[in-house]
Amino acid sequence: MTGFVLASAVADLAPSSAVLIGSRAAQGIFGALLIPQGMAIMAATFPKPMLQKAFSVFAPMLGVFTVAGPILGGVLIDANLFGLEWRPIFLINVVIGGVALVMAVRFLPTVPAHTAPRIDVLSSGLLYVLSLFFQLTLEYTPTQTSLALIPLTVGIMAGSGIAAGLVAKLARRLVAAGLLAIIAGIAAMLVLLHTTGLDLPWWQLAISTLMMGIGAGICFSSIFNTALGDVSPEEAGSASGSLSAVQQVANGIGSALVTSIFLALLPSGDLAAVTATLLGFLALIGICLLVVPLLPKTAAPDVD
């Protein structure tokens, strides 16, 4: 956390693009160290019967803040506070991260390290393509793009609420349902683009992004509980840490891959670029559906 805050400060003060890119890389490195450890501490601290409740709160927040961050960033960029242009988007990390660091030192328990990792795969990148699509193709401003992504956030929160009471009963079937909801949202956007064109109204975009958000929220809320369903207590820390680490790696690789595809195809036409990218997402999610049966049949147990 200290490294992430310091890297954010360097990004905020970066005198050149090279320094900015380097500090962003450092943010990624320290973030990769941070999130798995937080999950490992949760898994090792909470009794196994309480893990479902803990992850039902924690996992959806990852999705919510993944979307909320760019929304806030877009508003800050357009606001141009004190003439600082884009720099406040990193300054806010320093402020919030500094408070979180103090709280971490004060409240986080000390958990002994444990080896024997267990790895499950989770892949993310749709948000970045949607953001690029709204700005480069539909010519939205950063603030308009942020507002257009709000239905995605609302969907994640709604999907998380839906999943919270069903994960113990449905387990991996709930993960499959979430993936199918994402597929439905992407398919709806494809249909709208090819029937209405690039002049489609905002409310039609909102319907498709809301569906994607609901599916993502269901997956966020159910994947951790399901993946840790048959993990022994002594392996819970390393299992959750490994799961989160793979999630972050897959998120980075997936985002780089799909945004590269979108930008590479953009010169051939906006509609062709976004269509090919969304079809790629459908294929990737289809693969995810095929491996859902490899997840445990039961989720981590719940208690009243």
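Rules used throughout
Residues numbered from 1 in each chain as written. Predicted model: local features only at pLDDT ≥ 70, side-chain atom pairs only at ≥ 80, totals over all residues. Heavy atoms only, no water. Phe/Tyr/Trp six-rings, centres within 6.5 Å; stacked < 30°, edge-to-face > 60°. Buried < 20%, exposed > 50% of the residue type's maximum accessible area, 1.4 Å probe, protein only. Axes fitted to C-alpha atoms, helices over the stretch in contact; angles between N-to-C directions. Helix = DSSP H or I, 4+ residues; strand = E, 2+ residues; numbered from the N terminus. Parallel < 35°, antiparallel > 145°, perpendicular 65-115°, else oblique. Left-handed = near helix turned anticlockwise from the far one by under 90°. Contact = heavy atoms within 4.5 Å. Core = buried A, V, L, I, M, F, W, Y, C linked by side-chain atoms within 4.5 Å. pLDDT = per-residue confidence, 0-100.

Asks: I keep staring at the packing of aromatic side chains and nothing clicks. Help me out?
Replies: Aromatic rings in a pair are described by how distant their centres are and how their planes are angled relative to each other. Tallying each qualifying case throughout the model produces three aromatic pairs. With 6.0 Å between their ring centres and 85° between their planes, W86 and F90 make a pair best called edge-to-face. Exposure remark for W86: the relative accessible area of 26% places this residue in the partly exposed category. Residue F90 is classed as buried on the basis of its relative accessible area of 7%. The interplanar angle of 25° and the centroid separation of 5.6 Å between the aromatic rings of F134 and Y140 together place this pair among those described as stacked. Here a set of aromatic residues connected by ring pairs shows up, and it is made of F133, F134 and Y140.

Asks: When you look at the packing of helix 1 (residues 2-12) against helix 4 (residues 88-107) in this model, what are you seeing that I'm missing?
Replies: Helix-helix packing: each pair is described by the crossing angle between the helix axes and the interaxial distance. Two numbers describe how helix 1 lies on helix 4: the axes approach to 8 Å, and their chain directions differ by 155°. By the angle between their directions, the pair helix 1 and helix 4 is classed as roughly antiparallel. The two elements helix 1 and helix 4 meet at a crossing, and its hand is left-handed. Taken together, the residues of helix 4 that come into contact with helix 1 (itself represented by T2, F4, V5, S8, A9, A11 and D12) are P88, F90, L91, N93, V94, G97, G98 and L101.

Asks: Would you take a moment to explain the nonpolar core for this structure?
Replies: A general trend in soluble globular proteins is that nonpolar side chains are found buried together. With 46 residues, the main nonpolar core has F133, F134, L149, I186 and L278 as its most contacted residues. Contributions of two or more residues to this core are made by helix 3 (51-79), helix 5 (126-137), helix 7 (150-164), helix 9 (172-196), helix 10 (202-227), helix 11 (236-265) and helix 12 (270-291). Among the elements that make up this core, the one with the highest residue count is helix 9 (nine residues). L278 has contacts with L126, I186, M189, L190 and L193, leaving out every residue within four places of it along the chain.

Asks: Sorry, what's going on with the confidence of the model for the protein chain here?
Replies: Detail in the predicted coordinates should be disregarded across regions flagged by low pLDDT. Averaged over the protein chain, the pLDDT score is 80; the fraction of residues at 70 or greater is 84%. The secondary-structure element of the protein chain with the lowest mean pLDDT is helix 11, recorded at 73, while helix 1 shows the highest, at 93. This model gives residues 115-123 a pLDDT under 50, and the stretch forms 26 contacts once residues within four places in sequence are excluded.

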